[in-house]
Amino acid sequence: MKNPFVEEIARQLAGPTGLAPDQVARSLSIPPAETQTDYAFPCFALAKTKRLKPTEIAQELAQHVHPGEWIESAAVNGPYLNFRVARGKFIAWALERVREEKTSYGCSDEGAGRTVVVEFSSPNIAKHLGVHHIRSTMIGNALTHIFTALGYKVVSINFLGDWGTQFGILMAAYRKWGTAATLEGDAVSNLNALYVRFNQEAKENPALRDEGRAWFKRLEDGDAEAVALWEQFRAISLAEFQKVYDLLGVKFEVLSGESLYDKLMPATIARLEKLGLAKIDQGALIVDLSTHKMPPVILRKSDGATLYDTRDIAAAEDRWEKYHFARMAYVVGGEQKLHFRQIFTTLQMMGYDWAKECVHVDFGMLRFQGAKMSGRQGQVVMLRQVLTEAIDRARQAIDQKNPALPNKEAVAAAVGIGAVVFNDLKRQRSKDVDFDWDAILSFEGETGPYVQYAHVRLCSILRKYGQPVDAAADLSLLTEPEEFALAKALADFNSVIRRAADGCEPSAVSQYLLELCGLFSTYYHKHKVLTEDAPLTAARIRLVDSLRQVIANGLRLLGMQTPEEM
RNA sequence: GCGCCAGUAGCUCAGUUGGAUAGAGCAUCGGAUUUCUAAUCCGAUGGUCGGGGGUUCGACUCCCUCCUGGCGCGCCA
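What counts and what doesn't
- Residues numbered from 1 in each chain as written.
- Chains lettered and ligands numbered in written order.
- Predicted model: local features only at pLDDT ≥ 70, side-chain atom pairs only at ≥ 80, totals over all residues.
- Heavy atoms only, no water.
- Phe/Tyr/Trp six-rings, centres within 6.5 Å; stacked < 30°, edge-to-face > 60°.
- Helix = DSSP H or I, 4+ residues; strand = E, 2+ residues; numbered from the N terminus.
- Buried < 20%, exposed > 50% of the residue type's maximum accessible area, 1.4 Å probe, protein only.
- Lys NZ or Arg CZ within 6 Å of the ring centre and 35° of its normal.
- Lys, Arg positive; Asp, Glu negative; His and termini not counted.
- Salt bridge = Lys/Arg side-chain N within 4 Å of Asp/Glu carboxyl O.
- 1 Å grid on protein atoms, 1.4 Å probe; cavity = no way out; pocket = protein on both sides within 12 Å on 5 of 7 lines; lining within 4 Å.
- Points joined across faces, edges and corners; volume = space filled by probe spheres on them.
- Domains from an automatic or database assignment.
- Expected span 1.5 Å × (residues − 1).
- Arc of directions from axis to C-beta.
- Pairing = 2+ DSSP bridges.
- Axes fitted to C-alpha atoms, helices over the stretch in contact; angles between N-to-C directions.
- Contact = heavy atoms within 4.5 Å.
- pLDDT = per-residue confidence, 0-100.
- Polar contact = N/O pair within 3.5 Å; in protein donor to acceptor, adjacent residues only side chain to side chain.
- Core = buried A, V, L, I, M, F, W, Y, C linked by side-chain atoms within 4.5 Å.
- Disulfide = S-S within 2.5 Å.

Student: Can you help me understand the packing of aromatic side chains in this one?
Tutor: Working definition: an aromatic ring pair is given by the centre-to-centre distance plus the angle between the planes. The full count for this structure, using the stated rule, is 25 aromatic pairs. Look at Phe 5 and Trp 93: their rings are 5.7 Å apart centre to centre, the planes differ by 65 degrees, and that puts the pair in the edge-to-face class. With Phe 5 in helix 1 (residues 4–17) and Trp 93 in helix 5 (residues 87–101), this residue pair connects regions lying 88 residues apart in the sequence. In terms of burial, Phe 5 and Trp 93 fall into one category: buried. For the pair Trp 163 and Phe 216, a centre-to-centre distance of 5.7 Å together with 75 degrees between the ring planes defines the contact as edge-to-face. Pair noted here: Trp 163 is in the loop between strand 5 (153–160) and helix 7 (165–177) and Phe 216 is in helix 9 (residues 207–220), with a separation of 53 residues, a long-range link. With respect to class, Trp 163 is no different from Phe 216; both count as buried. Ring pairing ties together the aromatic residues Phe 5, Trp 70, Phe 90, Trp 93 and Phe 484, which thus form one cluster. Positioned above the aromatic ring of Trp 215 is the side chain of Arg 218, whose terminal nitrogen or guanidinium carbon lies 4.1 Å from the ring centre.

Okay, here's the thing in structure tokens:
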């Protein structure tokens, strides 16, 4: 979205500074609010080349600025040249853009014709989704929306952990202790219990591990019994995952998994061997990465079975063949940083130019009272349980604050789940987070419900107004400083989305929404929208409608719902 | 030991490519509702931006070093 105010400043300054207009535009900064100005041109860089004091340059440049339709005035402030835009014009421009573009406001087509692959969620089968899975799932889900908003074709992949020795262990355990009842009722929990029991007993009796490995070998070799068991486990797990994905509103374009690459791995290994990159070391087939100061990639264990390194390499090759992506994002926890460096480096060594388009979108881990929270030790809080609890809390809040609300259940789900999702997306993804019921279920302050509540209030005003939004309203009546501040925030939306995409960082959007809703809440308390003054009301309604639209667009990017009442 | 990441208010965090007097939420205290939903708002309290050097007109931001915490380091994923 081109900002004509910035363009005008750039156009006027280009001559006197000797810079290209877009160079000027890029060096503009936002001055502090107290200056009552909107854009600042800092003169430090020019001071070097022109060998003058920055303050002198600012004064000199000020002579060349001609206020006009777009720019109200320019004022020297020390080494800065501060511009004040024509506020009425700016507000009209910003609101008009939102009115025209509606649900696509903030979007662009800069990614048109290019594909982004996003791999996320990626749970292991035969286990429940734990709270920690929310991180990959919702960060990845938000990224698919964000890239889609910028015009990219997005391929979202759920890459299931459905292969590996762990399933050999599971089969061995099932064959030992499993009954018909195991696969009924809460089958995933039953299977997981067997898995945990097996690991415990294996501590006493290490020979059990060999049984597990043997079963996995049978699976890799296509043994009918092993395959049948594995397929059963997988189907049971998928059905269970789907319930949670439905609650969260997450959809995948491709349901894939490590098992799929079992057949492609021999070819991948053959290519690596042909390139002279693979060698035998201590009985295992490895790719030596010592020149890159990394431990080797293990392609094949000494017992002949493969590991996930090999499967990830094969999967990457396959996806390139299928999608020719401009970017491929792996939304996986930060503890796997080394793994992805190894994989990307290996792909690079194989001569794949596209390896540099692969990014590991890492995120901090979820702790539970200081302890690492992930599946292996069995100490997990189930994601479904957290969501259910959040919905219950939201329902209680509704009963207390708005008992007459229609659609209580749907709203409770939107608000409760929204709280959990927003809580996960509001901070930079690389931060570790301590699992805290109070924080996750909080509906006050910087939370999802806070943003949804702002949306609800906006909807409520529009409902009470009861007339169509007037496209011809006289926006020059919007003269309050808060109205201008809101318009400026609205105008930022597209650059926020771009920043979120560049850094694969959904928190850029959540932080923006908090800021926007904060500005609105202040405005809401200070100024009344529905007044006796019809033209003023019509103009403010335009502002309200624009805010509603942008907040809704932002929430959708995060994968959250936008209730109209709560 | 080596590598990577982090350290900002009592707690949890923002802080655009280095820019003007470092901002929010929670907590604490004090206020606001005959008015568009108080899941809200306003005010107060609260800071050696981990320590020390350096780069520069200017550093929370970049470099070096030290301290603290986390993660990772060949047959788990």
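Student: Got a minute to help me understand the side chain of Asp 312 in this structure?
Tutor: With respect to the helices and strands, the residue Asp 312 is situated in helix 12 (residues 308–323). Within the buried set, Asp 312 has no salt-bridge partner at all; the shortest N-O distance to an opposite charge, 6.0 Å, is to Arg 319.

Student: What is the right way to read empty space enclosed by the protein from this model?
Tutor: One way to see where empty space is left: roll a probe the size of a water molecule over the atoms. Scanning the entire structure with this criterion turns up 3 cavities of 30 Å³ or more. Quantified by volume, the largest cavity comes out at close to 80 Å³. The wall of the largest cavity is formed by Val 131, Ile 134, Arg 135, Leu 366, Val 420, Asn 423, Asp 424, Arg 427, Val 433, Phe 435 and Ile 440. Going through the elements one at a time, helix 6 (133–149), helix 15 (408–425) and strand 14 (433–435) are the ones with two or more residues in the lining of the largest cavity.

Student: What is the right way to look at the domain arrangement of chain A in this model?
Tutor: Accessible area lost during the coming together of the parts is what is often quoted as the interface size. Splitting chain A by domain gives domain 1 (4–85) and domain 2 (115–271 + 309–365). Put simply, the middle of domain 1 and the middle of domain 2, counted by C-alpha atoms, are 53 Å apart.

Student: Can you walk me through helix 14 (residues 383–401) in this structure?
Tutor: Every α-helix winds through 3.6 residues per turn, so residues three or four apart in the chain are directed the same way. In a regular helix each residue adds 1.5 Å, so 19 residues correspond to 27 Å; helix 14 covers 27 Å between its end C-alpha atoms and thus fits that length. Every buried residue of helix 14 is accounted for by Leu 383, Val 386, Leu 387, Ala 390, Ile 391, Ala 394, Ala 397 and Ile 398. One side of helix 14 holds all its buried residues, which, seen down the axis, span an arc of 135 degrees. Those residues of helix 14 that are exposed and aimed more than 90 degrees away from the buried face are Gln 396 and Gln 400.

Student: What's the story with the pattern of salt bridges in this structure? I'm lost.
Tutor: One side chain can pair with another of opposite charge once the charged atoms of both are near each other. For the coordinates displayed, the defined rule picks out 40 salt bridges. Residues Arg 87 and Asp 38 are paired through a salt bridge, measuring 3.1 Å at the closest nitrogen-oxygen approach. Highlighted residues: Arg 87 in helix 5 and Asp 38 in the loop between helix 2 (21–27) and strand 1 (39–42), separated in sequence by 49 residues. Residue Arg 87 is classed as buried on the basis of its relative accessible area, which comes to 18%. On the accessibility criterion, Asp 38 (2% relative accessible area) is buried. Taking the shortest distance from any N to any O, the salt bridge between Arg 84 and Glu 72 comes out at 2.8 Å. Here the residue Arg 84 occupies a position in strand 3 (residues 80–85), and Glu 72 occupies one in strand 2 (residues 71–77), the gap between them amounting to 12 residues. Each of Arg 175, Arg 218, Asp 223 and Glu 225 takes part in salt bridges that share partners, so that together they form one network.

Student: What's the story with the sheet that holds strand 3 in this structure? I'm lost.
Tutor: Note: strands within a sheet are paired through backbone hydrogen bonds, in either parallel or antiparallel orientation. Pairing is antiparallel across the open sheet formed by 3 strands, whose spatial order is 1-3-2. Looking at which strands have only one partner, the edges of the open sheet turn out to be strand 1 and strand 2. The average angle at which neighbouring strand axes cross in this sheet is 20 degrees, direction not considered. Pairing geometry for strand 1 and strand 3, over 4 bridges, is antiparallel. Paired with Ala 40 across the bridge in strand 3 is Asn 82. Where helix 1 meets the sheet, its contacts fall on strand 1, strand 2 and strand 3, and the angle it forms with strand 1 comes to roughly 20 degrees. Each of strand 1, strand 2 and strand 3 is contacted by helix 4 (residues 54–64), which is oriented at about 35 degrees to strand 3, the strand it contacts most.

Student: I'm lost on the confidence of the model for chain A in this one. Help?
Tutor: A low pLDDT means the predicted coordinates there should not be read in detail. Across chain A, the average pLDDT comes to 92, with 98% of residues at 70 or higher. Of all secondary-structure elements in chain A, the lowest mean pLDDT belongs to strand 13 (residues 371–372), at 66, while helix 21 (residues 534–557) reaches the highest, 98.

Student: Explanation requested: the side chain of Glu 483 in the structure shown.
Tutor: Here Glu 483 is to be found in helix 18 (residues 481–491). Assessed through its relative accessible area of 1%, Glu 483 is described here as buried. Polar contacts involving the side chain of Glu 483 include one to the main-chain amide nitrogen of Thr 479, which spans 3.1 Å.

Student: Which parts of the structure should I look at to understand the nonpolar core?
Tutor: One recurring pattern in soluble globular proteins is that nonpolar side chains are buried together. Core analysis: the largest hydrophobic core is formed by 145 residues, its most contacted members being Phe 41, Phe 83, Phe 90, Met 171, Leu 248 and Leu 516. The dominant element in this core, judged by the number of residues it contributes, is helix 21, at 10 residues. Residues lining this core come from more than one domain, with at least three contributed by each of domain 1 (4–85) and domain 2 (115–271 + 309–365). Ignoring sequence-local partners within four residues, the contact set of Phe 90 consists of Asn 3, Phe 5, Tyr 39, Val 85, Phe 484, Ala 487, Lys 488 and Ala 491. Within the second largest apolar cluster, 33 residues are counted, among which are Ile 269, Val 287, Met 294 and Ile 343.

Student: What exactly am I supposed to notice about the state of the cysteines here?
Tutor: Two cysteines form a disulfide when their sulfur atoms are joined by a covalent bond. Per the counting criterion, the structure on display carries 0 disulfides. Unpaired in this structure, Cys 504 has its nearest cysteine sulfur neighbour in Cys 358, at a distance of 12 Å. The class of Cys 504 is buried, set by a relative accessible area of 3%.

Student: Explanation requested: the sheet that holds strand 11 (residues 358–361) in the structure shown.
Tutor: The strand order 6-5-4-10-11 describes an open sheet built from 5 strands, whose pairing is parallel. The sheet is open, and its two borders are formed by strand 6 (254–257) and strand 11, each paired with just one other strand. The mean angle between the axes of side-by-side strands here comes to 25 degrees, regardless of whether they run parallel or antiparallel. Examined bridge by bridge, strand 4 (residues 115–119) and strand 10 (residues 327–331) share 4 bridges and lie parallel to one another. Looking at the pairing, Glu 119 lines up with Tyr 330 of strand 10. Along the sheet, helix 6 contacts strand 4, strand 5, strand 10 and strand 11; its crossing angle with strand 10, the most-contacted strand, is approximately 160 degrees.

Student: Hey, could you run me through the environment of Arg 175 in this one?
Tutor: Structurally, the position occupied by Arg 175 is in helix 7. Separated by 72 residues in the primary sequence, Arg 175 and Leu 247 place their C-alpha atoms 34 Å from one another. Sequence-distant contacts of Arg 175, defined by excluding residues within four places in its chain, comprise Trp 215, Glu 225 and Leu 229.

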